[in-house]
Amino acid sequence: PTSSKPPPLPSPLRFSKYFQANTRILVTGGAGFIGSHLVDKLMENEKNEVIVVDNFFTGSKDNLKKWIDHPRFELIRHDITQPLLVEVDKIYHLACPASPIFYKYNPVKTIKTNVIGTLNMLGLAKRVGARLGNAVHYKSIYITLVHWLYLIEILWNRILLTSTSEVYGDPLTHPQPETYWGNVNPIGVRSCYDEGKRVAETLMYDYHRQHGIEIRIARIFNTYGPRMNIDDGRVVSNFIAQALRGEPLTVQKPGTQTRSFCYVSDMVDGLICLMEGKNTGEFTMMELAKTVKELINPEVEINMVDNTPDDPRQRKPDITKAKELLDWQPRVTLRDGLPLMEEDFRSRLGISKR
Ligand code: NAD
Ligand code: UDP
Ligand code: UDP
């Protein structure tokens, strides 16, 4: 029998084959907690090539061990406060110590990472954006308008910054919409981080306005999940490690301060949604301690201990915009997410389930 295959499609559809090149994505801070989960998700797409740049200050190669030697993956040890020359299509800029213990350990380095590091990544975005712009221009001579638009679509350079809810400081508006300008202490011990991120956001917008760089900014709220540093002092990792070790859970006074917790897979989905452009619960720290006690170790004690200065009293994101524009909302509840993290902490701490 003769084949009844249809004849090959005429252009423009056939031409598009030439341009189905891989997207090369840079992830700064990709060896860290959120970064490594983002890399896992990006690597699932066979059209993505991922380059991670990290100085391993708080991150670790271990978080990326399954990708080392993969043909679509590269890991570069580099400090982003130094200029970086790579050719990429998209930049997820996460590099920055995120836990108070680490960013307060070297505040000058933290602010340099936020300011000079972000400036370097924007300079990089500007340079590769211009280069790709020229390539689009040359090729456009030979191809149809459809291809031209398609090329722009796949080659258009974008940079996404992971900012933080800390830009709101100790918020006077609750919950916090993107339009809220914040209530931040410029000279406190957290300032290297929160003012640093505020300058990083300013740089992003100035490069957008002045140089036409496509930007995305995600103000991340407290995120938890496997691969968090066990002893980085953040509340969920502290409580889980304490519960597993049978130590009292340290609720910092007064225990009524609130946070909204996002499981890391929801965070990664949100970041990718935001880059591609196409409800959170709120808990007091005492409620979080009680949930960890109930789910992980009912025998563990809960102690009230002294707090650190400038601790925000309440925090909850207003995610109306993300819901409306991105159709994104967190899916993993705290009660479902904590046991997933417990499993990871158990294996790393070598504490088996009773
Ligand atoms: P993390 O500390 O696990 O990851 C940060 C990564 O950046 C680490 O791998 C670290 O080694 C790397 N890094 C730090 N300084 C660097 C430098 N100068 N050059 C190169 N690499 C450097 O933190 P995370 O929790 O994964 O946070 C990732 C991003 O998300 C950060 O920008 C953070 O500010 C933001 N964020 C996180 C949270 C959260 O709850 N985890 C909340 C708000 C914002
Ligand atoms: N930069 C970088 N990689 C690049 C291009 C620029 O790290 O591929 C750095 C550059 O060293 C500079 C910063 O980004 O410190 C800002 O670059 P931009 O071109 O905007 O400013 P200029 O170099 O004119 O100061
Ligand atoms: N916290 C606590 N016990 C701990 C660590 C933190 O009660 O062992 C409290 C802390 O006072 C703050 C909240 O948990 O109110 C969140 O602290 P974290 O350092 O995790 O994040 P951030 O303050 O940056 O939101």
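These numbers were taken from a predicted model, which means no experiment stands behind them.

*Asks:* I keep staring at the environment of Leu249 and nothing clicks. Help me out?
*Replies:* The topology assignment puts Leu249 in strand S8 (residues 249-252). For the pair Leu249 and Gln210, spaced 39 residues apart in sequence, the C-alpha to C-alpha distance is 49 Å. When neighbours within four sequence positions are excluded, Leu249 is seen to be in contact with Phe239, Gln242, Ala243, Ala289, Val292, Lys293, Val300, Glu301, Ile302 and Asn303.

*Asks:* It is not clear to me how the pairing of strand S5 (residues 158-164) should be interpreted in this structure. Could you clarify?
*Replies:* For a regular strand, side-chain orientation follows a simple rule: the groups alternate between the two sheet faces. Summarising burial for S5: 7 of the 7 residues are buried, a large majority. Here S5 shows two buried faces, one formed by Arg158, Leu160, Thr162 and Thr164 and the other by Ile159, Leu161 and Ser163. Both strand S4 (residues 90-93) and S5 contribute to a ladder of 4 bridges, which runs parallel. What sits directly across from Ile91, in S5, is Ile159. Both S5 and strand S6 (residues 214-220) contribute to a ladder of 7 bridges, which runs parallel.

*Asks:* When you look at helix H5 (residues 191-211) in this model, what are you seeing that I'm missing?
*Replies:* Two residues of an α-helix separated by three or four positions point the same way, owing to the 3.6 residues in each turn. Between its terminal C-alpha atoms H5 stretches 28 Å, which fits the 30 Å expected from 21 residues at 1.5 Å a residue. Of all the positions in H5, only Ser191, Cys192, Tyr193, Asp194, Glu195, Gly196, Lys197, Ala200, Glu201, Leu203, Met204 and Tyr207 are classed as buried. Gly212 sits one or two residues past H5 and shows a positive phi near 70 degrees.

*Asks:* Help me out: how do you make sense of the sheet that holds S6 in this one?
*Replies:* As a general point, the strands of a sheet are linked pairwise by backbone hydrogen bonds and lie either parallel or antiparallel. Pairing is parallel in the open sheet, where 6 strands are placed in the order S3-S2-S1-S4-S5-S6. At either margin of the open sheet sits one strand with a lone partner, and together these are strand S3 (73-77) and S6. Adjacent strand axes in the sheet meet at a mean angle of 15 degrees, parallel and antiparallel pairs treated alike. Pairing between strand S1 (residues 23-28) and S4: 4 bridges, direction parallel. Along S4, the bridge assignment pairs Val27 with Tyr92. Along the sheet, H5 contacts S5 and S6; its crossing angle with S5, the most-contacted strand, is approximately 155 degrees.

*Asks:* I'm lost on the environment of Ile111 in this one. Help?
*Replies:* Relative to the helices and strands, Ile111 resides in helix H3 (residues 107-140). With 89 residues separating them in the primary sequence, Ile111 and Ala200 have C-alpha atoms 9.5 Å apart. If we ignore the near neighbours within four places in the chain, the residues touching Ile111 are Ile116, Cys192 and Gly196.

*Asks:* Just checking my understanding: could you explain the site of ligand 2 for this structure?
*Replies:* Surrounding ligand 2, one finds Pro83, Leu84, Leu85, Leu119, Asn120, Gly123, Leu124, Lys126, Arg127 and Tyr207. Within the side chain of Tyr207, one N or O atom sits 2.4 Å away from an oxygen atom of ligand 2. Here ligand 2 has 520 Å² of accessible area as a free molecule, and 61% of this is covered by the chains. Ranked by residues supplied to the shell around ligand 2, first place goes to H3 with 6 residues. Looking at the shell around ligand 2 residue by residue, the class counts come to 6 nonpolar, 2 polar and 2 charged.

*Asks:* What am I meant to see in the packing of aromatic side chains here?
*Replies:* The description of an aromatic ring pair uses the distance of the two centres, along with the angle that the planes make with each other. Under the criterion given, the structure shown has 7 aromatic pairs. Measuring from ring centre to ring centre gives 6.3 Å for Phe57 and Tyr105, while their planes differ by 25 degrees; the resulting arrangement is stacked. Placement of Phe57 in the loop between strand S2 (48-54) and S3 and of Tyr105 in helix H2 (residues 100-105) is noted, with a sequence separation of 48 residues between them.

*Asks:* Honestly, the pattern of salt bridges in this entry has me stumped. Any pointers?
*Replies:* Side-chain pairs of opposite charge can arise whenever the charged atoms involved come near each other. In total, this model carries 25 salt bridges according to the counting rule given. With its nearest N and O atoms 3.3 Å apart, the salt bridge here joins Glu87 to Arg127. In this pair, Glu87 sits in the loop between S3 and S4 while Arg127 sits in helix H3, placing the two residues 40 residues apart along the sequence. A relative accessible area of 32% means that Glu87 is categorised as partly exposed. Judged by relative accessible area, Arg127 falls into the partly exposed class, the value being 31%. For Asp206, the salt bridge identified is with Arg209, shortest N-O distance 3.1 Å. Here the residue Asp206 and the residue Arg209 both occupy positions in helix H5, the gap between them amounting to 3 residues, near one helical turn. Assessed through its relative accessible area of 34%, Asp206 is described here as partly exposed.

Parameters at a glance
Residues numbered from 1 in each chain as written. Chains lettered and ligands numbered in written order. Predicted model: local features only at pLDDT ≥ 70, side-chain atom pairs only at ≥ 80, totals over all residues. Heavy atoms only, no water. Helix = DSSP H or I, 4+ residues; strand = E, 2+ residues; numbered from the N terminus. Contact = heavy atoms within 4.5 Å. Buried < 20%, exposed > 50% of the residue type's maximum accessible area, 1.4 Å probe, protein only. Pairing = 2+ DSSP bridges. Expected span 1.5 Å × (residues − 1). Axes fitted to C-alpha atoms, helices over the stretch in contact; angles between N-to-C directions. Near = heavy atom within 4 Å. Polar contact = N/O pair within 3.5 Å; in protein donor to acceptor, adjacent residues only side chain to side chain. Areas by Shrake-Rupley, 256 points an atom, 1.4 Å probe, with all protein chains shown as cover. Nonpolar A, V, L, I, M, F, W, Y, C, P; charged D, E, K, R; others polar. Phe/Tyr/Trp six-rings, centres within 6.5 Å; stacked < 30°, edge-to-face > 60°. Salt bridge = Lys/Arg side-chain N within 4 Å of Asp/Glu carboxyl O.

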